[in-house]
Protein chains: 2
Amino acid sequence: MAPGDDSRTATEGRRTMFAAERRQRILELMHANGAVSLRDIAQAVQSSEVTVRRDLRILEADGLLNRHHGGATLPGALATLPGALSREPTYAQKAQVAAAEKAAIAELAASLVEDGDAIVVGAGTTTQLFAQQLTRHAELAVVTNSLLVAQALANAPRVEVVLTGGTLRGAILALVGSAAERSLAGLRVRRAFISGNGLTAERGVSTPNMQVASVDRALAAAAEEIVVLADHTKIGVDTMVQTVPTDEIDHLVTDDAAPRDVLDELANRAVRLHVARP
Amino acid sequence: MAPGDDSRTATEGRRTMFAAERRQRILELMHANGAVSLRDIAQAVQSSEVTVRRDLRILEADGLLNRHHGGATLPGALATLPGALSREPTYAQKAQVAAAEKAAIAELAASLVEDGDAIVVGAGTTTQLFAQQLTRHAELAVVTNSLLVAQALANAPRVEVVLTGGTLRGAILALVGSAAERSLAGLRVRRAFISGNGLTAERGVSTPNMQVASVDRALAAAAEEIVVLADHTKIGVDTMVQTVPTDEIDHLVTDDAAPRDVLDELANRAVRLHVARP
DNA sequence: TCGTTTCTGATCGGATCTGATCGAATAGTA
DNA sequence: TACTATTCGATCAGATCCGATCAGAAACGA
């Protein structure tokens, strides 16, 4: 015994985390990112993957999250996570395509928004990233048909988020149908930020789904100016249903890998170009 | 029993620390660090771990802290890590209250839903769990103002989800406001499953927020029968705004820890009771 | 001074938590 | 469809922690 001995190995400060503390931390990670891979959690809480797996099992039993191969998501939510989870392959895959370009486009597009604006935001992986950039704006009013856009702005204190009603399209977590279009009828905002699956100089923005196209048209009709967000993989691509013709597009935000000739032709048709460099 | 009673006669001038003094220091340590390990406490107050353990047990009985394996934390906040990203403590905390009971309630309530039904589901942690139980139902139509309910059912292939429009209330991820209420105006479904913050026999369901209350009323008005989901922590509790009076409640789904007298009184008023056992 | 009460510390058995490993299941790819 | 690489689940082992019991020390009253 050596109570007065002061040559102790000072373990203080880096106290090991309690189990409850660790689980709370996991929940915070979940709410911050929507979805987290098991490996990332293990690293974040400085525990083994086995322990994290156990925690996830407990938290799932309490209904606080959903487990998947490779990680977990918030109940219902799905993620734009590097590679891991794939309950929803289509969406996760879409988010992976040109991820860096999309992030750069989102950031550049956000600079087109000013404090006090009222805007409309469509559904899509790019517009979701775009919405995340808007959390710091003040006195913003955002109308959207995308649950992911709405969630991205849910905690922004000075942004008012209005969701259109409508039928949920699960694959993209967006609202479609006549109810969605009707709720946009009397609306008038400054700018609409929409995406799509393809954009050509001849036919403008297009998407393969008719319901989605119909809503996108209604979104566009509610705005004075239309801003299209499209990474280079979509430029020059035409899909089934036209949503916004070229002459109605006011701005295009894309990245520097987009084919030059299509951009030139778009510029000739009075589309103002904003090229992001990832 | 008087082992915990330590209102000792103050023998002044002694150098040994009194029990009350030691416990006070423990509380100071807790408030300074949020969470402290048992070993650190023992070293800080120059006592054995056994004694500290005893103190923690007493302090926990007084509700002044929560014990865990290896130490203790403050009752309210577990989020104490430097640079913690507690984005949404309120919702996560709410979900943890009576989590097992809520899960059992959700499961029992789901048995009240039949294939082919059209139902309305309100916002809340319990209704979210309830929605997760519905994914296996077929030909179901679900109308909700909760983003979490909608997301829980997003991937259910045979469930049609309709979201009301409205302004997003970020803290609970639900849609409120006149737009939400208007979109429910012409609707008629078989049953409404709603929650709330309190339920008494005299005043029925209540919630502390007026906007939420208004939407809940609109949800209830759209259904032939009203089913209330409330765990025992809400039974006998009255909050500010009444949403559904008792005589309009057709079913109550709760757990077996609910106070007997309130349940009896509710049964007297024609509320059918469903008691889940976690 | 003595006995009683209360508090503190030590020890031991049992319980809990954590980490590692291996077979089984799952997702992605050709 | 078949194959391969992860990932999951179950089991086991080690370490830590908790609770209960017992013994010693200090304080109080007679």
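Heads up: these notes are all about the structure in this document. These numbers come from a predicted model, not from an experiment.

### A look at the nonpolar core
Grouped together as the largest cluster of nonpolar side chains are 67 residues, with contacts concentrated most on Phe130 and Leu147 of chain A together with Phe130 and Leu147 of chain B. Contacts of leucine 147 of chain B, omitting those with residues within four sequence positions, involve Leu147, Ala150, Gln151 and Leu163 of chain A together with Leu163, Leu168, Leu173 and Leu175 of chain B. Judged by nonpolar contacts, the second largest core, of 32 residues, contains Ala174, Ala218, Leu219 and Ala223 of chain A.

### Details of the pairing of strand 14 (residues 251-255) of chain A
Residue and element names in this part refer to chain A. When you tally the buried positions in strand 14, you get 5 out of 5 residues, the bulk of the element. Neither face of strand 14 is exposed, since His251, Val253 and Asp255 on one face and Leu252 and Thr254 on the opposite face are all buried. Of the strand pairs in this sheet, strand 12 (residues 223-229) and strand 14 are connected by 3 bridges, and their pairing is parallel. By the bridge assignment, valine 228 is partnered in strand 14 with leucine 252.

### Brief notes about helix 5 (residues 99-110) of chain B
One turn of the α-helix equals 3.6 residues, which is why residues spaced by three or four share an orientation. The end-to-end C-alpha distance of helix 5 of chain B is 17 Å, a good match for the 16 Å that 12 residues give at a rise of 1.5 Å each. Turning to helix 5 of chain B, its buried residues are Ala99, Glu101, Lys102, Ala104, Ile105, Ala106, Ala109 and Ala110 of chain B.

### Digging into the sheet that holds strand 5 (residues 140-144) of chain A
Paired through their backbone hydrogen bonds, the strands of a sheet run either parallel or antiparallel. With respect to topology, 9 strands assemble into an open sheet ordered 15(A)-14(A)-12(A)-9(A)-4(A)-5(A)-6(A)-7(B)-8(B), the strand pairing being mixed. Of all the strands in the sheet, just strand 15 (272-276) of chain A together with strand 8 (174-176) of chain B have a single pairing partner and so form its edges. Direction aside, the axes of adjacent strands within the sheet are offset by 30° on average. In the sheet, strand 7 (residues 166-169) of chain B pairs with strand 8 of chain B via 3 bridges, with the strands oriented antiparallel. The residue of strand 8 of chain B that forms the bridge with arginine 169 of chain B is alanine 174 of chain B. Along the sheet, helix 9 (residues 210-221) of chain B makes contact with strand 7 and strand 8 of chain B, crossing strand 8 of chain B at roughly 90°.

### Considering the packing of helix 5 of chain B against helix 6 (residues 125-133) of chain B
Residue and element names in this part refer to chain B. Following both chains from N to C, one finds helix 5 and helix 6 inclined at 50°, their axes separated by 8 Å at the closest point. In terms of orientation, helix 5 and helix 6 fall into the oblique class. For the pair helix 5 and helix 6, the crossing hand works out as right-handed. Where helix 5 abuts helix 6, its residues Lys102, Ala103, Ile105, Ala106, Glu107, Ala109 and Ala110 lie against Thr125, Thr126, Leu129, Phe130 and Gln133. For the contact of helix 5 with helix 6, the per-class residue count stands at 7 nonpolar, 3 polar and 2 charged.

Conventions we followed
- Residues numbered from 1 in each chain as written.
- Chains lettered and ligands numbered in written order.
- Predicted model: local features only at pLDDT ≥ 70, side-chain atom pairs only at ≥ 80, totals over all residues.
- Heavy atoms only, no water.
- Core = buried A, V, L, I, M, F, W, Y, C linked by side-chain atoms within 4.5 Å.
- Buried < 20%, exposed > 50% of the residue type's maximum accessible area, 1.4 Å probe, protein only.
- Contact = heavy atoms within 4.5 Å.
- Helix = DSSP H or I, 4+ residues; strand = E, 2+ residues; numbered from the N terminus.
- Pairing = 2+ DSSP bridges.
- Expected span 1.5 Å × (residues − 1).
- Axes fitted to C-alpha atoms, helices over the stretch in contact; angles between N-to-C directions.
- Parallel < 35°, antiparallel > 145°, perpendicular 65-115°, else oblique.
- Left-handed = near helix turned anticlockwise from the far one by under 90°.
- Nonpolar A, V, L, I, M, F, W, Y, C, P; charged D, E, K, R; others polar.

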